[in-house]
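Fold and contact review
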Amino acid sequence: MNPQAKLIFVSSLLLGTTIVISSNHWITAWAGLEINTLAILPLISKSHHPRAIEAATKYFLTQAAASALLLFSSMTNAWHTGQWDITQMTHPTSCLILTSALAMKLGLVPFHFWFPEVLQGSPLITGLLLSTAMKLPPIALLYMTAQSLNPTVLTGMAILSAALGGWMGLNQTQIRKILAFSSISHLGWMAIILIYSPKLTLLNFYLYTLMTAAVFLTLNSTNTTKLSTLMTSWTKAPALSAMLMLTLLSLAGLPPLTGFLPKWLIIQELTKQEMTPAATIIALLSLLGLFFYLRLAYCATITLPPHSTNHMKQWHTNKPIPSSIAILTVLSTTLLPLSPMISPTI
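Note that residues are indexed from 1 along each chain, following the sequence as it is written. For a predicted model such as this one, the threshold for reporting local features is a pLDDT of at least 70, and the threshold for listing and counting side-chain atom pairs is 80 or more; totals across whole chains, interfaces and linings nevertheless cover every residue. Hydrogens and waters are ignored; side-chain quantities use all the structure's heavy atoms.

Focus: the UniProt feature "domain: NADH:quinone oxidoreductase/Mrp antiporter transmembrane" (unreviewed entry) in the protein chain
The UniProt record annotates "domain: NADH:quinone oxidoreductase/Mrp antiporter transmembrane" (unreviewed entry) at residues 23-287. Counting from the N terminus, the helices are the DSSP runs of H or I reaching at least four residues and the strands are the DSSP runs of E reaching at least two. Here residues 23-287 is 76% helix and 0% strand, with 38 Å between the C-alpha atoms at its ends. UniProt positions are given in the numbering used here, feature names are shortened, and annotations may be inferred rather than shown by experiment.

Printed below as a string of structure tokens:
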């Protein structure tokens, strides 16, 4: 892709996200979301592969439907209350439609079907943008309207997302699809705590972004898109594979690593809110995710390719590990001791 064109699309992404985050009026928020959607489409379909074109079409249709629903909910609210302010969303039907629209934007269950397909058809770096940067505007809108949303609907969606995200990722061999289902289950954790502690939702999103960026950049560096390729990456870049294993275990939420921090704080907050059954269910459902992260970690580091006489050994690459990957991996594994600093502010 032409560098000037790429610069325009990336600038538009930043512009759209900034407009959504800083807006008070529903129309400007909607305009920002539309700019974002239009800017990411060329980045999804830039390879001109039929799979990429299909992914871009699916993405466009779902996002257009979600934007129309968002506009409809804000207009219904304005009709009943005379308010276009984002924080003044008080009409119950409008709130319900808004929750559906933002769930469709994010890929929360039951509006999740488009996300794994779109991620599978996109290049790895675009996949990273779809999993992280494109989720920020809808999460910002959820954060601003958190007090108006229906707790029962959100909790139901969250538990279903954690369940289906873990379940459907179990039998996948394509890494991008596994990461898509991992994203869906993480969104479940963000949605369940949104009403009770919106700051925790943001903290979870920031840490998820950090860990997912480390995983996607590592996979892009080794040019890996499926499990069978991942099995041979150890011989090419042992240090990178070991770092990938730690980051994946952190995404799974294992205790000494960063990924455990948001899960721990969320379970603690849910217990304080007397939602112990929901906390127990979502904690047990995260074990499904743990299984496929362990499978990925096993393929990345413990499985070695078969060595037969006619097998050419792949030599270590002499390329140094990019500093961005090194920094992200360190942050993805070592931030748990910061929890005493974070806890009082949430």
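Here's the deal with the side chain of Thr-224
Mapping Thr-224 onto the fold places it in the loop between α10 (198-222) and α11 (227-230). In what follows, residue pairs with any heavy atoms lying within 4.5 Å of each other are defined as contacts. Thr-224 has contacts with Leu-124, Ile-175, Leu-219, Thr-229 and Leu-230, leaving out every residue within four places of it along the chain.

What about the packing of helix α3 (residues 50-81) against helix α4 (residues 92-106)?
Helix-helix packing is described using two parameters, namely the angle between the two axes and the distance between the axes. Interhelical geometry of α3 versus α4 gives an angle of 160° and a closest axis separation of 8 Å. The angle between α3 and α4 places the two elements in the roughly antiparallel class. Along this stretch, α3 crosses α4, giving a crossing that reads as left-handed. Where α3 abuts α4, its residues Thr-62, Gln-63, Ala-65, Ala-66, Ser-67, Leu-69, Leu-70, Phe-72, Ser-73, Thr-76 and Asn-77 lie against Ser-94, Ile-97, Leu-98, Ala-101, Leu-102, Met-104 and Lys-105. Classes in brief: Ala, Val, Leu, Ile, Met, Phe, Trp, Tyr, Cys and Pro nonpolar; Asp, Glu, Lys and Arg charged; the others, Gly included, polar. Across the contact of α3 with α4, the residue classes break down as 10 nonpolar, 7 polar and 1 charged. Convention adopted: a line fitted to C-alpha atoms gives each axis, helices being fitted over their contacting stretch, and angles between N-to-C directions are expressed from 0 to 180 degrees. Our angle categories are set so that under 35 degrees counts as roughly parallel, over 145 as roughly antiparallel, 65 to 115 as roughly perpendicular, and the remainder as oblique. Should the near helix be turned anticlockwise from the far one by less than a right angle, the crossing is termed left-handed; should it be turned clockwise, right-handed.

Some thoughts on the domain arrangement of the protein chain
Under the domain assignment used here, the protein chain contains domain 1 (1-129) and domain 2 (150-307 + 319-345). Once you take the C-alpha centre of each, domain 1 and domain 2 turn out to be 23 Å apart. Contact with domain 1, which involves 22 residues of that partner, is made by 27 residues of domain 2. Using a 1.4 Å probe, buried area is obtained as the accessible area two parts lose upon being combined, added over both of them. Buried area between domain 1 and domain 2, both sides added, is near 2,000 Å², and the carbon and sulfur share of it is 78%. Sorting the residues of domain 1 by area buried against domain 2 places Val-109, Gln-120 and Leu-124 first, and these three jointly supply 33% of that buried surface. Counting residues per element, the ones that place at least two in the side of domain 1 that touches domain 2 are α4, α5 (114-121) and α6 (124-131). The greatest single-element share of the side of domain 1 that touches domain 2, amounting to 5 residues, is contributed by α5. Of the residues contributing to the side of domain 1 that touches domain 2, the split by class is 14 nonpolar, 6 polar and 2 charged. Annotation comment: domain bounds sourced from an automatic or database domain assignment.

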